[in-house]
Structures are given as C-alpha cells and as structure tokens.
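A closer look at the structure
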Protein chains: 4
Amino acid sequence: MALSIGVDVGGTKIAAGVVDDEGKVMARLQKDSPANNRDAIMTTIIDCVNELRAQVEGVATVGVGAAGFVSSDRNTMVSGTNLDWTGVKIGDVVSAGTGLPVVVENDANAAGWAEARFGVGAGRSNVLVVTLGTGVGGAVIIDGRLVRGAAGFAAEIGHITIVPGGRPCGCGLRGCLERYGSGTALGMNGYELARFRPDYAARIIELSGGQVRDISGKAVTMAAREGDAAALECYEQLGDALGQGLADLAAVLDPEVVVLTGGMTEAGAILLEPVTKAFSTYLTARSRRPEIPVLISSSGQDAGLIGAADLARA
Amino acid sequence: MALSIGVDVGGTKIAAGVVDDEGKVMARLQKDSPANNRDAIMTTIIDCVNELRAQVEGVATVGVGAAGFVSSDRNTMVSGTNLDWTGVKIGDVVSAGTGLPVVVENDANAAGWAEARFGVGAGRSNVLVVTLGTGVGGAVIIDGRLVRGAAGFAAEIGHITIVPGGRPCGCGLRGCLERYGSGTALGMNGYELARFRPDYAARIIELSGGQVRDISGKAVTMAAREGDAAALECYEQLGDALGQGLADLAAVLDPEVVVLTGGMTEAGAILLEPVTKAFSTYLTARSRRPEIPVLISSSGQDAGLIGAADLARA
Amino acid sequence: MALSIGVDVGGTKIAAGVVDDEGKVMARLQKDSPANNRDAIMTTIIDCVNELRAQVEGVATVGVGAAGFVSSDRNTMVSGTNLDWTGVKIGDVVSAGTGLPVVVENDANAAGWAEARFGVGAGRSNVLVVTLGTGVGGAVIIDGRLVRGAAGFAAEIGHITIVPGGRPCGCGLRGCLERYGSGTALGMNGYELARFRPDYAARIIELSGGQVRDISGKAVTMAAREGDAAALECYEQLGDALGQGLADLAAVLDPEVVVLTGGMTEAGAILLEPVTKAFSTYLTARSRRPEIPVLISSSGQDAGLIGAADLARA
Amino acid sequence: MALSIGVDVGGTKIAAGVVDDEGKVMARLQKDSPANNRDAIMTTIIDCVNELRAQVEGVATVGVGAAGFVSSDRNTMVSGTNLDWTGVKIGDVVSAGTGLPVVVENDANAAGWAEARFGVGAGRSNVLVVTLGTGVGGAVIIDGRLVRGAAGFAAEIGHITIVPGGRPCGCGLRGCLERYGSGTALGMNGYELARFRPDYAARIIELSGGQVRDISGKAVTMAAREGDAAALECYEQLGDALGQGLADLAAVLDPEVVVLTGGMTEAGAILLEPVTKAFSTYLTARSRRPEIPVLISSSGQDAGLIGAADLARA
C-alpha cells in the first residue's frame, strides 16, 4: 500500500495529511499560512511534509494543491490566484526540500478529484465537480482521468458566459457564471434587492445587522432557511444561472453525475432545488439521455489534501 | 502495419475506405445510401467492407461512423439523427456480416478525430474540433483521447445556450449555438434581413433567384465574398455567436487549438475573421494563457471514414 | 351639424365616406388604388371627394389618412411607407381639386382617433391605440388630443426596442416591438418553430399547405384556435413582447385604456390573454395605480376614414 | 402681470418663491422640511406662502410640487414617494390656509415644465425632460401642455424596461431604466467593477476613501473627469441604457428636443457624449427625421418652484 502526502495551500491555512490509497487520512497537521511571503510558504509546506514523514512510514509521494493556474508540467505555477508566485517551480522546490517526488495541482482540481474518487462520485468515470464558494470553480473527470487542459487551465467553469454584457468579472469579461452562481453572487443578489426594495428584503437586511452594505450570501441563506420570499428569489436567480451553466457543461461533457461542493452546499435543498429545476430546463436532448443526477458532496474539509495526495500517486 | 476499414454512413452516400495507421486511404469506394431502409443500409455497409477486403489484404478492424447518439459501448445506436435505428446494435450486425471486430462512433466524432490525428491538429493532444454545416457539432480530444461521455452524448457543442429565450431548436431548447452558428443559422440571418430590410439585403435576395424564401447560407456567403455589407453583417452575427460559444468551451477544455471543419469553412477568412475576433473578446483570462489558435481544417471529405477507421484500431 | 369627408388611402384600395360628428358614415364609396402612380392616386382621392359631395350636401372639410410620416403641418407627406411621395403636399393638391380645406393624417393615427372617439375608447381622454397588423403602429390620445409629435413622427410604438440585438427591422434597428409583436412576427415565430421543430409544429405546417416557407401568422392563429401547443407557444412569445411594450408605454403615458385594433385582433382571447398577462407582469407601480384595461377594438374597416374625417373637423 | 407662488417640497428643504409670468423669481425663502410630520409640513407650506404674500403684492395663485403620484385632480396626493400622505388633499389644505387657489403637481413635472417653458426648451412645444438624480424621472410636454396621464402617473420614464430580468427595482419590476441610468446606477456600475476588478477600478476606490462599499456615482464621476478608464466604462454602460431609453421615448413622443436635468448633469460632456451616441444608435428612422438634440439643462435649483408656480397660473 503506497502512502502519499497531500498538502492543501490555502490563503490562511496550510493543511497536510498522509493519505492511503483508499483516500483515508492516517495523520494530519495544519499550520498558519505565512500570507504574502512566498519563501515562507514553501518552507512551511516542506516542514509539513517532513513532520508527517517522521510520524508515518512508507510515504512515497507528495501532492500539493494550490489556487491558480498550474502548468500542465504539474510543477510550475503559471499564475497564482492569491499569491504572486508566477513561474515558481513549486514541485522542484518541495522535492528538493523533502527528497520525494512532488506534483502540483490546482486546488479545485485536487478537491474535485477526491470527490470523484472517494466521495459521492466514487465508482463513476465521468464526473463534473462544481465548487461553489466565493467563486465558482470545478474539476472535470473524463474516463477516470482529471482534465487539466493543454496549458493546465481547464475546468474554468466559473467563466463561461451566462449573461452577455452582465456583471463585470475579475477575469476581464462580463456576465460569467461566477458572477451569478457563487456565494458572492448570492450576496450581490441580496444586496441589489435590499438597496432597491428594502421592505421586501427587510429580513435579509436585519440578518446583516441592519446594514445593506454588509449583506453577504450567508445572510441570504439564513433568511432563505426561514422561508423569506426575497431570499428565496435570490436563490431562484442563482439557481437559474447555475442550472443553465451546468446544462451547457453537460452538453459538452456528458457526465454521469454532477457533484456540487464548496461552502454554499451547506444550504442543502435551498440550493439544490432551484439548481436542479433549471438544469432540467436547459439540458439538451433531455428526453433521450440517461438522467444526470446533481448531488451535494459528502466530502469534508480534507478533500483538497486527499485529492492532492491521490493525484501524486497516479 | 495494421489496416482498418472506415465506413462513413451519410444521409445520401455511404463512403468506405481502407486506412493505414498514418491516416492514408489505400482503397476507397462509395455507394448510394438506401435512405430510410435500415436493413438495406446495414447490408450496404457490410458489402462495402467485404468488397474492400477483397481488394486489400491485412484489414484487422472496422470503424463505422454514423449520425446520432452512439452508446459508450461503441456498438449500439441510442438515437439516430436521420434514421430510426434506435437501439440497433450496429457493431454486432456488421461484425456478424464481416467476421471482423467493429466499433461504431458518432460521425462528427470520427471526422474530428481524423482532424486531430492527421489534420491541422496533428501532434496536439488537446484539440477542439467544431463542425459547421447545417448544424453545429464537434469532437473533443483530451490528452490524446476522444471524449465520448458517460452515455456517448458528449461534444454536443451545438446545444450550449447562447441567446437565452432565442430561436427554437430541434433539441427542445431555445437559443442553442446551432441556431446562431450553423450554415442554417447563416441563412436565417440572411432571411431575416431580407424580409425586413429588402433594400439592404438586395444582393442576397438576387443571389437567391429573387426569392426571399429561398435564401440559404450559400447565397449569404456568395454575397459576402463580393463584400456585400448585409451579408457581412450576417457573418458578424454568426461569428459573434460562435466566438462566444468557443470561448465558453475553451474555458472548460483549454485546448491547444480549435479546428473548424464542415461545409461552412469553405468561406475561409469571411468566416474565420469574425469568429476569431469574438473568440478573443470572450476568452477568459486571455492575457495569462497561451494563445489558442482557431484554424480551418485541411482534411477533405474522407475525414469521416479515416477517423472511424483509426478509432477502430485504438 | 358639420359633415366631413374622410379618405383612407391604402395600398390596394382607397375608401372614402361622408361622416357626421358622431362618427356615422352617411355615404361611402371605394375605388382601386392605382398602385405606384402618385398622380393617379391624387386624382382618385379628388374624384372620391367630389363624387361624395355630389351625393350629400353640407360637407365642410376633408381628412386624408395615408401610411407614412406626415408633417406636423398636416399637409405634407415627409416619407411615405408604400409610395414614394416624399415631400408631396397632399393637402394642397386635394384642396385645389376640391375647393375644400383638407388635412392629412397618418392612417394609423386616423384609425386610432376613431377608436378613441367613437369606439371602445369613447368617453376617455387618455387612450393608447395599438394597431396589430403586418406591422405594429398606434395612436396616442392625451387629454382628448391626438399626439402627432414635433415633426409628425409620434406614436411609432412599433419601434421601441424589446429584444436588444434581436431580429432586424426595416427601420434599421434590431429587436423592435414590431418584429416581435406583429402578425408578421407571429408568422416568424411559427416559421422558426416549424423549421427547427417540425414534429412539434406539424399542425401549423399542415395548415400552411405543408410548406414551412408558406407559414404565416394566419396559419398560426388557425392552429391556436384548435388548441395546438406550438401555436399557443407562438402566441405566448408574441404576447410577452407586446405586454412588455405596452407596459413601457403605459409607464410614460398613463392611459385610461389600451385599445388593440388591426387584423390580428380577430384572434380574440387567444391574443388578449397572453398580452394582458404580460402587461400586468411588466407594468410599473401596478398595485398603486388604477387598472388599465386592455380592450379589443369594436370598430370595423371604416375606422380609418371616420378618423380622418373627424380630425379634419377639429 | 399675474404673480404666482411656487412651493417645492423636498425631503430636507421646502423652497418657495414668487414667480412672474416670465419665470423670474421676485422673492424667495426656504425652510427646513419637518421630515415625516405631515401636518407640520402642511403648516410650513402655508407659512411660506403667507410670508411671501406679505412681501410681494399681486399673488393670485399657488403651485405646490411634491414627490409622488399626484392625482389628475391636481389636488390629491395618491401616493407619496418620501412621505406617507396617501390620499391627502394637499391643494385643499393649502388653499384653506392661504385663501388662494392651489394646484399640486409632481415635483419632476414641475421642474420639467420650468425647463420647457423658461430653460433650454423655451420656445418649443414638444419637449422631453429627463431628470437624472438618484432616480430617473421626467416630464413630457406635448403641444405646449404638460402630460399628467389619466391618473396623474404619466412620465414614469425611469420604469420602462431596459434589461429584461436585470437589476431589481423599487417599483417591483426588474431591469428598469432607473436601475441603469440614474446616479445610483452609476454608483452601482462602479461598485460592481470595484468588487470584481479592484485593480482596474483602483482610482474609483481611492476616491471613495478606499472602501468599495462607499462607492457612489460621485466618485465615479470624479474619476471619469480624470480620464480613468474604469470610470468611463461605467459611463458608457450608463449612457447605453439611457440612450436606448430615450430613443424608445422619442419613437413614441417625437419631441423637438430632449433636455437632461438633475444632479447628474453636472458631469457635462462625460454624461452627454455616451448618451447622445447611444441615442443616435437606437433612434428609429433616424435618417428620415429631423435631428432631436439632447441638451443639458440651464435651469438651476429653482426650477421646481418656478414650474409649480407657472403651472398654477395656467
């Protein structure tokens, strides 16, 4: 049984663990992420690996998951999302510091891989994993393999166009799925309602401490749980965008299952119902194809490190 | 050197050929397609294979390309586009009639595969092939493998939504890429201009024999070649839709190259210019990624049979 | 009691009548319109007036209604819709030939005026009349007066934008209400469904003699009367566009009543239901304002000449 | 020469003045508005009138302008925008307290009337006045008369639909012109850019004290004055919406001139250029009609009271 260490490099924490080939975490540790200090982060990653190796024998590989475009060489960060480590050969650095073979993966890809291999997607070869957090990311698994793309930029599913000419996006376009389907978007939906229809959105405002400007997706979700009409309208709007986006992806990828993951999935049916309704409406040739279930992830916080570890082994 | 026979089953013709492992056609023949007669078509396919084997020694496999959803078993037609052969195990029937192993593939996938292996996509592992004819189809090649999807329905790129609530589509939705990016769509663009702005579209009407109702994509292309403003506007509209659609696909798939194929590519730069312009406009994170060239296919009519033959060998 | 002669100059017929101040036609006649011959049409108009005067005594004024932009001098045709009589001083010519004072009005304005004065709008001072025929026209009556605009171009309600970037329009724009709310639009809706979903639109095709290219609004209406789902969808699409357009107009004009007239109103409830549903949905401040009923015209074919006659008297 | 007193009832101030029939203010005073106290406001209005009468002889009429839907009886407030004086007969109350005939008008109508009579619209009979402030309001003057509508709800030009399904509006709809064309909308455009493209919108954020949540239309305007690209993009987006809205209104009303007024006009050419560009693009039959200039108001803060005074005289 080959063991692998996975490291999930987040904006505030670095989590690492020894993972067996069934996706079980045998040992784990977590350190603060030395924000904005590239070299310190590298050292922390290396420390994590070496500390874990001291605890568990038999580790053969290391996988590092980080936010950004990772080159298809699975070594170089082409463009980091949170950190300016453009061009850094993370794999080489960590390998030099640990003496182990290292692969680097996009963090959403790593988490999605864990979902597809060991989570609700387990046993399926064609899985679309959609991460709904402050942004919309994802992982595409086809014929049992992770799709990284020619340059390592694949699965940028948050940046397909949903509303031509719509909300501006960090990627430079307008109307991207991320601007209508993320937790941030949910908060924006609530903020717009609250600014222009404060009576209707009164409960959302109240749950935001009375300040329209403080409205976030979380307040909308709390209100939606209470059955608040304005909050449910925010979810309808979100679900419609996500359903259309997922249907576009399904037309191209034909997955067996779509797995939703990320912080927004805590909303459960409040999220799932409008999404699946819209997904059915927008899915091409629906009557002629097998049903494509949309499921909420069963994996927890460790998905990122488990996936990174497992991808290193492959 | 393993030889393979490819059969391309079209609505009016059945073309077949012996193909070597470099994609060269060593012998070929063509028969009329006995339209709407399922059994007669099967017999014709089998005849083609057996006649070719009589001509060339060393054929080890057969690949059949046909329009429709082909099951991921690469044997059964789930739902035919032109013919009602739902559920027919084409592979088994042709194998029984020829004594050779047979695989069945979607025809656009087969042609796209030839493009990616032996055409302008040769040497690349991640290729998006887009077929622009009366419809919009395509083939997705990732890491050197054809993407068929969980149920064999992948690469239905003509049915991602481009204009929410727009033109109705045969798939039951509205606003699909096929309704705005195909040759049929080009004709529709011309027809709409001609009905409501006949003076402006005068040259398109003239080239359609004076009848607005007879306007097709071909007449629009002829007028566009002459520099006619109305026809070029039809191409702008088409290119904008295609560019947006291709950009959405590139966000998900990150191909090295996009290859346009099908009858519409005869328009050359008239097609390519508005498409690439819009593709650049809608491509996410464009400044951070390698350029993704959009190329026009160099393959000819034989792409379908070459691809089917080659896929059978794999 | 002052009598007035009204002349309604159509593309194929010229209808004229002596009208009393309650909108009753005391004598009428009709002549073929000498198509495309401007001078012959003028002579025909003059002949109509003089023949009617020979029949009925006491005629004091003449009103001529014609399609096109009529200058606010109520004399000059700025730009004719069917005929090239740009700049012709129709009023002066007819006055010279009859010895009577003559005013010229846009034909939709004339018919709308009759509607508002003597039809279902009678007794109301603020009326929006919408003519639904091959195009979408209208008349706006505010505080009991016809709104002609600074240059005589008012009430071009068919040319407000409903679908940005949508179907091209004869006026040079895209997405005008006329392209989504007219009888022509209804036929277009049917044509699009029939081309791309022929099974679904089978009854519409059948009622068009089996030819998709022959589909008109009339065939769609016939099928809708039978309860055909595809035809009713065409009406939903039409009603949604009209409802949005009427709501925009109501936000600006605040009429007491909206009157629909023109050939399309023969469809009755099939038209009225989707229109009123959408009108309610899109009407601003609906809960705070009096209801604005949408009614179908009770006037017949004579509305054009009655209105022209009456406007001449004012 | 008949003198008239105009009273402009704002949310924070009540301004009143004696106005002659050429629109000149002969005496003026201003008091704080006793916010949220209906009776106190009435008393303040009456005090203003009586104090002014004590200063200037010959006042014959009083006009009161206030925000809300004013009934076409020009006496009753149907629904107040800022104050809950639904159903209050403001005219009767003020008349009882002053002994003068009183008319009540919507405040935007009153200001628009002053613009059309004494401002840049002077000498024109057909004027569209558009007030661009925190909202989008307006006044429609046709044939020299103010259009109030059947129920007093006319000229709600901020609530025509510009973006179907777009930003939610206080009126209960989505996508109203006010949500895309007001100062609030300008701030929203800036806020969206700043949230999702902070680098690009850095100057707007800086001018908002470094807080994205504090971004207002004013900060966008300041940045636009410096030539900041992001701020100019916000204005492009605003101008496109306004241009489309104005073009829709011009199709219906055919004004001689469009006058922009309200706080946003301080931006001058920064506002006017994108608006006029879009207006030209969306104006129907543009080549056949006289040009409709879009001008910025020359009237100052007194427009509201001048208009109210003048309307009382008519």
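Because the structure is predicted, anything quoted here is derived from the model rather than measured.

1. Points about the relation of the copies chain C and chain B
For the pair chain C and chain B, the superposition axis carries a translation of 0.1 Å, the fit reaches an RMSD of 0.0 Å, and the rotation angle comes to 180 degrees. On this basis, the relationship between the two copies can be described by a two-fold rotation axis. Minimal C-alpha distance to the rotation axis in chain C is attained by Arg213 of chain C, lying at 3.2 Å. Of the interface residues in chain C, 100% have counterparts in chain B that sit at the interface too, so the contact is made through matching surfaces.

2. Quick look at the interface of chain C and chain B
Counting residues at the interface gives 10 residues for chain C and 10 residues for chain B. At three residues, helix H5 (residues 183-196) of chain C tops the list of elements feeding residues into the side of chain C that touches chain B. Residue composition of the side of chain C that touches chain B, grouped by class: four nonpolar, one polar and five charged.

3. Let's talk about the environment of Cys176 of chain C
Residue and element names in this part refer to chain C. As for its position among the elements, Cys176 is in the loop between strand S10 (145-146) and helix H4 (178-181). For Cys176, a count of 33 C-beta atoms within 10 Å translates into the label buried. Counting along the chain gives 19 residues from Cys176 to Ile157, while the straight-line C-alpha distance between them is 9.0 Å.

4. A closer look at the confidence of the model for chain A
In the predicted model, chain A carries a mean pLDDT of 94, and 99% of its residues have values of at least 70. Across the whole predicted complex the pTM is 0.93, and at the interface the ipTM reaches 0.93.

5. Notes on the relation of the copies chain D and chain C
With an axial shift of 0.0 Å and an RMSD of 0.1 Å, the rotation relating chain D to chain C amounts to 180 degrees. An overlap of 100% is found between the interface residues of chain D and their copies at the interface of chain C, pointing to a shared contact surface.

6. Comments concerning the arrangement of the chains
With no contact formed, the shortest span from any C-alpha in chain A to any C-alpha in chain C equals 11 Å. Chain D makes no contact with chain B, the minimum C-alpha separation between the two being 11 Å.

7. Notes on the domain arrangement of chain A
All names here are of chain A. Looking at chain A, the domain boundaries give domain 1 (3-114 + 302-313) and domain 2 (125-297). Among the elements that line the side of domain 1 that touches domain 2, the one with the most residues is helix H3 (residues 107-118), at five residues. Tallied by class, residues from the side of domain 1 that touches domain 2 come to eight nonpolar, four polar and no charged.

8. Thoughts on the interface of chain D and chain C
Taken together, the contact between chain D and chain C spans 37 residues of the former and 38 residues of the latter. Considering every element that reaches the side of chain D that touches chain C, the biggest residue donor is helix H8 (residues 229-253) of chain D, with six residues. Looking at the side of chain D that touches chain C, its residues break down into 22 nonpolar, seven polar and eight charged.

9. A short note on the sheet that holds strand S8 (residues 127-132) of chain C
As summarised here, the arrangement of the five strands in space is S10-S9-S8-S11-S12 (chain C), forming an open sheet in which the pairing is mixed. Of all the strands in the sheet, just S10 and strand S12 (294-296) of chain C have a single pairing partner and so form its edges.

10. Details of the sheet that holds strand S1 (residues 3-9) of chain A
All names here are of chain A. Here five strands make up an open sheet; going across it, the order is S3-S2-S1-S4-S7 and the pairing mixed. Both outer strands of the open sheet, strand S3 (25-32) and strand S7 (102-106), are each paired with one neighbouring strand and no more. The mean angle between the axes of side-by-side strands here comes to 20 degrees, regardless of whether they run parallel or antiparallel. In this structure, S1 lies alongside strand S2 (residues 13-19), joined through six bridges in antiparallel fashion. Bridged to Ile5 within S2 is Val18. The sheet strands contacting helix H10 (residues 303-313) are S1, S2, S3, strand S4 (59-66) and S7, and the helix crosses S1 at an angle near 135 degrees.

11. Observations concerning helix H9 (residues 269-282) of chain C
The end-to-end C-alpha separation of H9 of chain C is 19 Å, in line with the 20 Å expected for 14 residues at 1.5 Å each. Looking at the buried residues of H9 of chain C, the elements they touch are helix H7 (217-225), helix H8 (229-253) and S12 of chain C.

12. Examining helix H5 (residues 183-196) of chain B
Over its 14 residues, H5 of chain B runs 20 Å from end to end, which matches the ideal 20 Å to within 8%, given 1.5 Å per residue. Most of H5 of chain B is tucked away, with 14 of its 14 residues classed as buried.

13. Remarks on unusual backbone geometry
Phi is mostly negative for residues that are not glycine, and the peptide bonds are mostly trans. Phi at Arg74 of chain B is positive, roughly 55 degrees, even though this residue is not glycine. Positionally, Arg74 of chain B belongs in the loop between strand S5 (68-70) and strand S6 (77-80).

14. Notes on the packing of helix H8 (residues 229-253) of chain B against helix H9 (residues 269-282) of chain B
Each pair of packed helices gets described by two things: the angle between the helix axes and the distance between those axes. Residues and elements named next belong to chain B. Orientation of H8 relative to H9, taken along the N-to-C sense of each, is 45 degrees, at an axis distance of 7 Å. One element, H8, and the other, H9, form an angle in the oblique class. Relative to H9, H8 is oriented so that their crossing is right-handed. Where H8 abuts H9, its residues Tyr235, Glu236, Leu238, Gly239, Asp240, Leu242, Gly243, Gln244, Leu246 and Ala247 lie against Ile270, Leu271, Pro274, Val275, Lys277, Ala278, Phe279, Thr281 and Tyr282. Each residue belonging to the contact of H8 with H9 can be placed in one class, and the counts come to 12 nonpolar, four polar and three charged.

15. Quick look at the pairing of strand S9 (residues 136-142) of chain A
Residue and element names in this part refer to chain A. Counting buried residues along S9, seven of its seven residues qualify, which places the element largely inside the surrounding structure. Of the two faces of S9, both are covered, the one formed by Val136, Gly138, Val140 and Ile142 as well as the one formed by Gly137, Ala139 and Ile141. Here strand S8 (residues 127-132) pairs with S9 via six bridges, running antiparallel. Bridging from a neighbouring strand, Leu132 pairs with Val136 of S9. Across two bridges, S9 lies against strand S10 (residues 145-146) in antiparallel orientation. Its bridge partner being in S10, Ile141 is matched across the sheet by Leu146. Connecting S9 to the antiparallel partner S10 that follows it, the hairpin turn spans two residues, and Asp143 within it adopts a positive phi of roughly 50 degrees.

Reading the values: rules and limits
Residues numbered from 1 in each chain as written. Chains lettered and ligands numbered in written order. Predicted model: local features only at pLDDT ≥ 70, side-chain atom pairs only at ≥ 80, totals over all residues. Least-squares fit on C-alpha atoms with pLDDT ≥ 70 in both. Contact = placed C-beta atoms within 7 Å. Helix = DSSP H or I, 4+ residues; strand = E, 2+ residues; numbered from the N terminus. Nonpolar A, V, L, I, M, F, W, Y, C, P; charged D, E, K, R; others polar. Buried ≥ 20, exposed ≤ 12 C-beta atoms within 10 Å, placed from the backbone. pLDDT = per-residue confidence, 0-100. Domains from an automatic or database assignment. Pairing = 2+ DSSP bridges. Axes fitted to C-alpha atoms, helices over the stretch in contact; angles between N-to-C directions. Expected span 1.5 Å × (residues − 1). Parallel < 35°, antiparallel > 145°, perpendicular 65-115°, else oblique. Left-handed = near helix turned anticlockwise from the far one by under 90°.

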